[in-house]
Structure formats: structure tokens, C-alpha cells
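For reference, the chains in residue letters:
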Amino acid sequence: MIPKFAIVPLAVLLCASIARGAGEPKIVPQPAPKRGGVLRLDTSSDIHSLDPTAIYSAFEGIAGYMVYRSLLDFDQNERLIPMMAETLPQISPDRLTYTFPLRHGVRFSNAREVVASDWVYSIERHLDPRNNSSYSNYYINISGATAFTAAREKEQAAGAAAATAPRTIEPKTVSGLRAVDRYTLQIHLEKPDPIFSDVLATPVSFVVPREEVERLGPAFAAHPVGCGPFVLAQWSPGIKLRLDRNPNYFRPAEPYLDHVEIAIGPDAATEIMMFERGELDYVSMVSSADYLRLKRSPALRRCMYPVTGGDVIFISLNCELPPFNDPRVRRAMNYAVDKRRILKVMLDRGSIAHGLLTPVNRAYNEKMLPYPYDPDRARALLAEAGYPQGFDTELVVASDSELFMKAALVVERDLAAVGVKVELKKVQGQAVYIGQKRKTVPMEVWDWSPNFSDPADTLNTLVNGERIADDGCINTAFYSSEKVNRLFHLGTEEFDSAKRLRIYERIEEQVFDDAPYLFLIQVDSDELHQPWLKGVRPRAIWPSRLENAWIER
């Protein structure tokens, strides 16, 4: 019944969570969930939006799952389970039509019942370019999606810039989305897609009420209305966000917490101080500055929960801008940087990346080797590409990310040694996470955590050239390869699991050779949980889930 956190009311011996300490997670018995209390969190970066078309960061994902619900979900073993759908979809023999029977009686926090047409509207929002959704690519395989998007682009060009403006050009709806009746949603695809059900278990499929979106317009991002376990009670930008229990939530026994409070702005040092004073219940990541001290403290070490193998840090090399349109230059960047040094300044919390997939991905190939540190080879490649003296460029980095800044400083120094002078352009995190406009940013420090374990999620998003957008593009290298694009088509058409995974291995091998990214580090991190915080399972897949936590004290 419950995803992620294995919370089973009235079944004391079956409730479980991850045991404290390093190594493989160990399932231990827990008491039954306790109702009441306040969960206190913090985030150093402000939350820029809670509109499902614009949820990007870790804490936007956490808060998003508190406010909204998706059609499907993943259980604690990352297997698909129904959420707002009553069952898993009925899929037609040709794998093109998905039929979802929906739960009856589920209500938005404005008390209006959620019905099939709400899902049609919510998915269409991602496909309307006026919403600037970076997730539109997840839905372009729905029949009629391309024509719908083109019609909205024409309206936008004609001056109807607001996403809530009336649709005047046909088609006004996506033909492959159909509310068969009040409680039945049907989705028809252009081509079979092995991961379409997985997509519907992510924040991409959060449902919203049309009347509230149209009433609030852009302000909906700060006044979200969903059908999740909590409702937004207060949001003071840069200071605090507070969520209260949703009295209309369709599972009356949940959530267990009365409130969730997210403090906005504390830096890493303040965050740890607040945790040690008992003023925070959860910290999403232990900084390098505090890691060794906490590990040496018996009391605090017991609060640390390792999260391994989910996140990868890299630098996008814009393949549409010279000199990075030359693969020799991009390979030179990979040879020029000593990733071991980056790993060292990160206290060896992780491993050197040899691509974009991490161990949580099903096609992760542990036999691939990273680019070695070879400055001479880098200089030779630069000379071969016509840059014997190097060149000047700019590297965008989120200044409020400790890991990004440490990586950027090492990259700046190492590239200077081969003649590439890098100017660091420091920005706030949100400016990084909303994706990029085409042909604007030559280099950018970025990271990625998958939405689910299938490699198609990560690779389609980061290197599928047929999914490049002009604005808000998450393929921040703007990489496109005919060979790789053909492999993506093969992967989409292949339903034999072993053959399909081999196709994605070939994609990553080709991408690694083409080097649209400077592959840096696979990051291991640690969360901090107070001893009284229960029902939270560290998760290497984005985002962490805390909506079914409870306070046991």
C-alpha cells in the first residue's frame, strides 16, 4: 500500500527502516507509526517553484511529494505499484494503449474530487511550451503530442504568451489523452515504450486542478494545490516553508505528522549546529567540513545514513559552441583533469565517474574505465584541434554547492596547466537547475540523480539529441549524435530486457567516447536522522521521500 518507507499501520513487526551505520542497509523492526508532531528540515537554497512543471531540486522534490500524488509509485524495492490509479495499467497487446482505472473519492485540497480529465489537463501542461516544462520530453511519444505542442507554439508566436490563454488553434487537445469516463484515463502512444509506466510514477505525473491553475496563473508555483498528504500553509521566500496535514487526504490514517517546517537559508555549518542542538530532525547531506568529526563521534555516527551510488557530478561541454563542437577538445578536457584530486578533497566519498550511469542504474557497466589523468595527451589533442596555446572559456557553477565549488576549483587549476583559462561564473543553485538556453553557456557544473533505475531515464534526458529544447534544456551539453539517436530508437523498440540493456550500454560507450561531458565523480553522501525520526529510507534515486515519516518520542 505504501511506497518507499515500508510503513504498515497496526503491523508492528512488519514496519521496517534502514539500520544505522555504513555498509549494506539492514532491515530492522520498528514500532508502529506514531501520529502527531512536527518534522523540521532545512535547505540552503531557496525553493523556486512547487509547480510540477518546474520542480527540480532535492527539496522541491521532497516538498512536491508532500503536496501532490502521481498515478503510480515505486515500492521500497523500486517496483511499480498503483498510487492514484486503482491498479497498474491495463496495456493493450500492441503495447500502445494504457488504461488506468482511477480511485474514487480522492479530493484535491480545495475539496474538489480528482477525476480523469484532471490527468489529461496535467499532462497537457507539460506539452504546452508556454509552461516551460523541462519534462515535456517524457510525453512526446503520446499520440498527438507533437501536433498539440506545435499549435501552442503558433499561439505563443501570435501573442498568446500566457499558459492559461484560450487555445485557438487546432488541435486544442492531445488526441492520445482521453478521459473515457469520470474514473478511467486512457493514454495512447505513437510507439511502444518500455519505460512509460515508470515515468508515471515520478513527479512528472503529479496531478493539479485546472481551476486553481487558471485562477492563480504563474502564482500557482507559490500557492500549489494538490491531493497529497500535506497542504502548503506558509511560504516566506528565503526564510521558511510550512506544510500542514491535508484533512482531505484519501488515506485517513496518513500522514502521521501534523506539520512539516523547512527552514530556508542555513549554511552547512549552521545546519550541523542546529542538528546537534536538536533543532533539525533531518539533514539531507553531511558536508565534507563536518564528515570526519561526525564519523568520530559515537553519538552522531549513529545518526548517519549512507546514500551510495545515485548521484554523478559532471561538467557539460556545449557541443553547439566552439571549441567544444570538436570532440578532440572535449576529450582533451577529460584527460586534463585529475579526478583523483577532486575525490581527495571530497574525502574519498565516492568514485571517479566513467560515464553518466551510476550503480543504481540497471545498465551500469562497472568494467568501463574512466579517462586517465594525462595532461600531455590533453595538450596533444588541443594542438590537433587547432588550439596549441589553449583558449579562454567560462565555467558556470552554483556557488551554494560545496561539492560543485570544490570540483570547479580543481578543474580551473588543471585546465590552466594545459593552456585553457577558465573564468568561474558563480550563480545561485536555482539558476543552474532550471536547465539552459541553447548556445549560451559553454561549460557548466551539473549533477544528476535518476528518477528511476532504468538507464533510459538518465540517457534520454542527458544525451538524446532528438529531445533538445531551445530553453530549459537538461541536455546541457546539447549533444546530438545520429548513431546514438538510432540506438535510442532501437532501445525504445526492444522489449527483451537483456538485449535492451545492452543497447543502452552501447549508448553510454559511444557517449563516453564522444565526451560531451567532463565526467567527474560518482558521489556517496550521508543523511542525518535524529534518533526519534522514523519512517525515512535513504534513497539514491531522486527525490528522498519523507511524507510518511513520523516522530517517535
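Bear in mind that the values here come from a model prediction, so they are computed numbers and not experimental data. All residue numbers refer to position in the chain's written sequence, counted from 1. Selection of residues for local features in this predicted model requires a pLDDT of at least 70, selection of side-chain atom pairs for listing and counting requires 80 or more, and totals for whole chains, interfaces and linings are taken over all residues. Side-chain figures throughout are based on the complete set of non-hydrogen atoms in the structure, without hydrogens or water.

**Overview of the overall build of the protein**
Secondary structure summary: the protein contains 16 helices and 21 strands in total. We compute the radius of gyration from the C-alpha atoms alone; for a globule the expected value is 2.2 Å times N to the 0.38, where N is the number of residues. Expected size for 553 residues packed as a compact globule is a radius of gyration near 24 Å; at 23 Å, the protein falls within 12% of this value. Its C-alpha atoms give the protein principal-axis dimensions of about 70 × 65 × 45 Å. The 553 residues of the protein split such that 60% are buried. Contact definition: two residues touch when any of their heavy atoms are within 4.5 Å. Taking the contacts inside the protein whose residues are at least 6 apart along the sequence as the reference set, 71% of them involve residues at least 24 apart. In this description, accessible areas are obtained by the Shrake-Rupley approach with a 1.4 Å probe, and a residue is regarded as covered only by the protein chains that are shown. Here the protein displays about 21700 Å² of accessible surface, and carbon together with sulfur accounts for 52% of that area. Counting from the N terminus, the helices are the DSSP runs of H or I reaching at least four residues and the strands are the DSSP runs of E reaching at least two. A simple rule labels every residue: compare its accessible area, found with a 1.4 Å probe on the protein chains alone, to the largest value its type can have, and call it buried under 20%, exposed over 50%, or partly exposed in between.

**Concerning the pairing of strand S10 (residues 230–236)**
Here is the key point about a regular strand: its side chains alternate between the two faces of the sheet. When DSSP finds at least two bridges between two strands, those strands are taken to pair. Pairing of S10 with strand S11 (residues 240–245) involves 6 bridges; the strand directions are antiparallel. Directly across from Leu232, in S11, lies its bridge partner Leu243. Hairpin remark: S10 followed by S11, antiparallel, with 3 residues in the connecting loop; positive phi at Gly238, about 80°.

**Comments concerning the side chain of Ser92**
With respect to the helices, strands and loops of the structure, Ser92 is situated in the loop between strand S6 (90–91) and strand S7 (97–101). At a separation of 2.5 Å, a polar atom in the side chain of Ser92 contacts the side chain of Asp94. Nitrogen and oxygen atoms within 3.5 Å of one another constitute a polar contact, given that in protein one can donate a hydrogen and the other can accept it, and given that sequence-neighbouring residues count only through two side-chain atoms.

**Observations concerning the sheet that holds strand S9 (residues 184–188)**
Taken together, the 4 strands give an open sheet; going across it, the order is S6-S7-S9-S8, and neighbouring strands pair in antiparallel fashion. Sheet topology places S6 and strand S8 (177–181) at the edges, where each strand pairs with a single neighbour. Bridging between S6 and S7 involves 2 bridges; their strand directions are antiparallel. Looking at S7, one finds that Gln90 is bridged to Thr99. Along the sheet, helix H2 (residues 116–127) makes contact with S8 and S9, crossing S8 at roughly 175°. Axis lines are fitted to C-alpha atoms, over the contacting stretch for helices. Their N-to-C directions set the angle, which ranges from 0 to 180 degrees.

**Side note on the sheet that holds strand S3 (residues 38–43)**
One open sheet accounts for 4 strands, arranged S3-S12-S11-S10; its pairing is mixed. On the outer flanks of this sheet lie S3 and S10, each paired with one strand and no other. Neighbour-to-neighbour, the strand axes of the sheet open up by a mean angle of 15°, direction not taken into account. Taken together, the 6 bridges between S3 and strand S12 (residues 259–264) define a ladder with parallel strand orientation. From the neighbouring strand, Arg40 faces S12, where its bridge partner is Glu261. Helix H1 (residues 58–67) contacts S3, S10, S11 and S12 of the sheet and is inclined by roughly 150° relative to S3.

**Concerning the environment of Ala385**
Tracing the chain through its elements places Ala385 in the loop between helix H11 (375–384) and strand S16 (391–398). Along the chain, Ala385 and Pro33 lie 352 residues apart, while their C-alpha atoms are 62 Å from each other. Apart from residues lying up to four places away in sequence, Ala385 is in contact with Asp326, Arg328 and Val329.

**Focus on the packing of aromatic side chains**
Only centres within 6.5 Å qualify two rings of Phe, Tyr or Trp (six-membered ring in Trp) as a pair; their planes then separate them into stacked at under 30 degrees, edge-to-face at over 60, and tilted for everything else. The final tally for this structure, using the stated rule, is 16 aromatic pairs. For the pair Tyr68 and Phe206, a centre-to-centre distance of 5.3 Å together with 20° between the ring planes defines the contact as stacked. Separated by 138 residues along the polypeptide, Tyr68 in the loop between H1 and strand S4 (72–74) and Phe206 in the loop between helix H4 (196–199) and helix H5 (210–216) bring together distant segments of the chain. The class for Tyr68 is buried, based on a relative accessible area of 0%. Cluster of aromatic residues (ring-pair linked, three or more members): Tyr335, Tyr371, Phe512 and Phe519. In our convention, an over-ring charge means Lys NZ or Arg CZ found within 6 Å of a ring centre and within 35 degrees of that ring's normal. We note Arg152 situated over the ring of Phe148; from NZ or CZ to the ring centre the distance is 4.7 Å.

**Side note on the confidence of the model for the protein**
The score called pLDDT rates the predictor's confidence residue by residue, from a low of 0 to a high of 100. Mean pLDDT over the protein stands at 91; residues scoring 70 or higher make up 93%. Scored below 50 in pLDDT, residues 1–27 makes 74 contacts in the model with residues more than four places away or belonging to other chains.

**So, the nonpolar core**
By convention a nonpolar core is built from buried Ala, Val, Leu, Ile, Met, Phe, Trp, Tyr and Cys residues, the set being connected through side-chain atoms within 4.5 Å. In this structure, Phe100, Ile142, Ile187, Met333 and Leu520 are the most contacted members of the largest nonpolar core, which totals 145 residues. Top element by residues in this core is helix H12 (residues 402–416). It accounts for 8 residues. When residues no more than four places from it in sequence are discounted, the contact partners of Phe100 are Leu71, Leu72, Ala85, Pro89, Tyr183, Thr184, Leu185, Ile187 and Leu200. The next biggest cluster of nonpolar side chains, apart from the first, holds 12 residues, and it includes Phe275, Leu280, Met304 and Leu528.

**Considerations on the pattern of salt bridges**
Basic side-chain nitrogens of Lys or Arg form a salt bridge, by our definition, when they fall within 4 Å of a carboxyl oxygen of Asp or Glu. Here the structure, examined in full by the defined rule, presents 36 salt bridges. With its nearest N and O atoms 2.6 Å apart, the salt bridge here joins Asp118 to Arg112. For Arg112, a relative accessible area of 27% gives the class partly exposed. A salt bridge links Glu276 to Arg293, with the shortest nitrogen-to-oxygen separation between them at 2.8 Å. Here Glu276, found in helix H6 (residues 268–276), pairs with Arg293, found in helix H7 (residues 288–296); they are 17 residues apart in sequence, far enough to count as distant. In this structure Arg293 comes out as partly exposed when scored by relative accessible area, which is 37%.

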